[in-house]
Amino acid sequence: MTPLPNAEQIWQALAQVPDPEIPVINVVEMGIVRDVQVEGGKAVVTMTPTFSGCPALYVIREGLEQAVRGLGFAEVEVRTVLFPPWSTDCITPEAKAKLERYGIAPPRPTSEFGLIELELELVRCPRCGSLDTAVKNTFGPTLCKSIYVCNVCREPFESFKTL
Amino acid sequence: MNEQVKQALIAKLTALADDELILAHRDSEWVGHGPILEEDIALANIAQDELGHATLWYGLRSTLDGSDPDRLAFLRDAAEFHNCELVELPKGDWAFTLLRQYLFDAYEALWLSAAKDSTYKPLAEVAAKILREERFHLQHTQAWVERLGLGTEESNRRMQAALDAQWGYAQQLFVPLEGEGVLVAEGIVPDLGGLKQTWLLHTTQHLQNSGLKLPLQPGYQPTSRQMHTEHLWSLLAEMQSTARWDAEAKVW
């Protein structure tokens, strides 16, 4: 009987699971997967949600489970933790670069924000690189993105919210 | 956790979840009817976030009493809901919906900022999670209050009418539940009295800067979350109809 894969191999399999809404990056580089353990014949994957109302969470959870089952585990448990809360700082630098190439302005590093002040962020146009951009709508086609327009190349684009 | 604290916490989590669920439903009524496409999408996003928050609060209650969040949302009758009356009022016009969302967001952002230091760790974790999303709501609704308040004569009139109608209802957000005192004493939830002062300071200033006048008479101020307006019944009739008809909703 071939031995079951170890945690390292599970991580590699999970890195093949694309984010359902932004398929150019995978769930590991999104920072959604927190931990992987092999307990006897069972694999336990711990994940954390991005936005709490994100409808893709169910698809992600299924994707994680299927990827691990594909390695030969009969029993797979996907646990959810909320703490520390997911932040866009959890997205790897490589994944942020991929987002930009895909046409989505990547999130900026988070910093402490005032509670009730309006926050103005400098967002770089992923097409022409100009910082002369304006927010058109804080809310975009998915919970994690805002809509911007570039004042230089005139193109509208999506920007990942800094969370 | 002793039984008294546990029961008080279950009641509080239910009230928090019910507020989010009912408000999410009212916001969702604009889907396909927003004044422009971008705003339709924005409000749908906010509704979806609030629904996500309701799921987290019901989930937390579930860890204490094993209740099923879906049953709580879809199979309870109006008299068993503990949301405040503000969130169940009909959506009204755009000014009414956005002002309500603003007053609620300002309250929620303050409540969560305090609750993230809760001595009950699971509640602190949920509060910290939700707070990160809330600031986008507040940024958006705050801008709408200003835009309509300082916009045209008509937009100002509509925003003022919304404020006159809602100001009293909004005060209920700061009325503690019976038995909430024990949770405050244990450091599990923040004291609403202190938060109300900060909320009044922020909202009064923003409303006035937006060309609006606080009503001289605050109007009807509900105090009990056991009481509801007639509007909750019709809201639930619509929201729960599918689940009550076919709980699995597998037949299209």
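Computed from a predicted structure; not experimentally measured.

1. Details of the overall build of chain A
Regarding its fold elements, chain A presents three helices and seven strands. Helices (α) and strands (β) of chain A occur, in sequence order from the N terminus, as α-β-β-α-β-α-β-β-β-β. Across its three principal axes, chain A shows a C-alpha extent of roughly 60 × 30 × 25 Å. Per-residue burial for chain A yields a buried fraction of 48% across its 163 residues. If you take every contact in chain A between residues at least 6 apart in sequence, the share linking residues at least 24 apart comes to 53%.

2. Describing the packing of helix H2 (residues 37–65) of chain B against helix H6 (residues 121–149) of chain B
All names here are of chain B. Look at H2 against H6: their axes get within 11 Å of each other, and the N-to-C directions meet at 160°. It follows that H2 is roughly antiparallel to H6 by the angle criterion. For the crossing formed where H2 meets H6, the hand is left-handed. Packed against H2, whose contacting residues are Glu39, Ala42, Ile46, Asp49, Glu50, His53, Leu56, Trp57 and Leu60, the element H6 presents Pro122, Leu123, Val126, Ala127, Lys129, Ile130, Glu133, Glu134, His137, His140 and Trp144 at the interface.

3. Thoughts on the sheet that holds strand E3 (residues 75–80) of chain A
All names here are of chain A. The strand order E1-E2-E3 describes an open sheet built from three strands, whose pairing is mixed. One side of each edge strand has no neighbouring strand; the edge strands of this open sheet are strand E1 (33–39) and E3. The average undirected angle you get between the axes of adjacent strands in this sheet is 15°. Pairing analysis gives six bridges linking strand E2 (residues 42–47) to E3, with the strands arranged parallel. Within E3, the position partnered with Thr46 by the bridge is Arg79. Against the sheet, helix H1 (residues 7–14) makes contact with E1 and E2, and its axis sits at roughly 135° relative to E1, the strand it touches most. Helix-sheet contacts for helix H2 (residues 56–69) involve E1, E2 and E3, and the interaxial angle to E3 is about 145°.

Rules and cut-offs
- Residues numbered from 1 in each chain as written.
- Chains lettered and ligands numbered in written order.
- Predicted model: local features only at pLDDT ≥ 70, side-chain atom pairs only at ≥ 80, totals over all residues.
- Heavy atoms only, no water.
- Helix = DSSP H or I, 4+ residues; strand = E, 2+ residues; numbered from the N terminus.
- Buried < 20%, exposed > 50% of the residue type's maximum accessible area, 1.4 Å probe, protein only.
- Contact = heavy atoms within 4.5 Å.
- Axes fitted to C-alpha atoms, helices over the stretch in contact; angles between N-to-C directions.
- Parallel < 35°, antiparallel > 145°, perpendicular 65-115°, else oblique.
- Left-handed = near helix turned anticlockwise from the far one by under 90°.
- Pairing = 2+ DSSP bridges.

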